[in-house]
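# Observations on the three-dimensional arrangement
What follows is each chain in one-letter form.
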Amino acid sequence: MTTTPSQVVAALVGAGRTVATAESLTGGLVCAALTDVPGASAVVRGAVVAYATELKAQVLGVDPDLLATGGAVQAEVARQMATGVCRVLGAQVGVATTGVAGPDPQDGHPVGTVFVAVAAEGRVQVRELSLAGDRATIRAGTVEAALDLVAEIVADGVNGTEDSRPVDG
């Protein structure tokens, strides 16, 4: 499924939901894709680009012990980033990206290992990706996957799916 930014904005408008992004490897590209759409201001709250690992803890509230023991490239980090950005920016839907765009492996993960997460209505869904290509291709694929996941969650009425877990706290 390839969802356009316009489709995501329209779905959020239709659902009466706001969105914020917490981005690492994408460096703000998810939010930029959304804000390229006319009328996006009705649903986009903003973005936190937490490229440096310590910012994930300091700004988004990711568990510092989790980061210290396993690094930033983990499903649970994406999960906590998505819930953290909802809290920090007051959004109903939070989308997060973390992973390895290259050129070198990071935290024991090969280039192309990516996690995207969407938090909404007290639930979080995380998707692990294994992307191929150069840095730009991996980042673009991550944006596409993040938009697809937001669209799926909003279309499902943000009720969660089989691989969703309740948000703690």
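Residues numbered from 1 in each chain as written. Predicted model: local features only at pLDDT ≥ 70, side-chain atom pairs only at ≥ 80, totals over all residues. Heavy atoms only, no water.

Below, the discussion takes up the pattern of salt bridges. Overall, the coordinates contain three salt bridges when judged by the stated rule. We note a salt bridge from Arg79 to Glu76, for which the minimum N-O separation is 3.2 Å. In this pair, Arg79 and Glu76 are both assigned in helix 5 (residues 75-89), three residues apart and thus about one turn of the helix distant. On the accessibility criterion, Arg79 (12% relative accessible area) is buried. Residue Glu76 is classed as partly exposed on the basis of its relative accessible area of 25%. Note that Arg127 and Glu152 form a salt bridge whose closest N and O atoms lie 2.9 Å from each other. (Salt bridge = Lys/Arg side-chain N within 4 Å of Asp/Glu carboxyl O. Helix = DSSP H or I, 4+ residues; strand = E, 2+ residues; numbered from the N terminus. Buried < 20%, exposed > 50% of the residue type's maximum accessible area, 1.4 Å probe, protein only.)

Cis rather than trans, the peptide bond between Gly102 and Pro103 has omega equal to 20 degrees. In this fold, Pro103 is placed in the loop between strand 3 (93-99) and strand 4 (113-120). Backbone geometry places Asp107, a non-glycine residue, at a positive phi of 50 degrees. Considering the arrangement of structural elements, one finds Asp107 in the loop between strand 3 and strand 4. Taking relative accessible area as the criterion, Asp107 reaches 39% and is therefore assigned partly exposed. Of note, Glu121 is a non-glycine position whose phi angle comes to about 55 degrees, a positive value. Of note, Glu121 is situated in the loop between strand 4 and strand 5 (123-130).

Structurally, the position occupied by Gly70 is in helix 4 (residues 64-70). Measuring from C-alpha to C-alpha, the distance between Gly70 and Gly108 comes to 9.0 Å, with 38 residues separating the pair along the chain.

Inspection of the secondary structure assignment puts Gln74 in the loop between helix 4 and helix 5. Residues in contact with Gln74, not counting those within four places in the same chain, are Leu66, Thr98 and Phe115. (Contact = heavy atoms within 4.5 Å.)

Turning our eyes to something else, we now look at the pairing of strand 5. Sheet topology places strand 4 next to strand 5; eight bridges connect them, and they run antiparallel. By the bridge assignment for strand 5, Val114 is matched with Leu129. Counted along the chain from strand 4 to the antiparallel partner strand 5, the turn is two residues long, and its residue Glu121 has a positive phi close to 55 degrees. (Pairing = 2+ DSSP bridges.)

A separate point is the side chain of Thr113. Here Thr113 lies in strand 4. We classify Thr113 as buried; its relative accessible area is 9%. With sequence-adjacent residues up to four places away left out, Thr113 is seen in contact with Val73, Gly99, Val100, Glu128 and Leu129.

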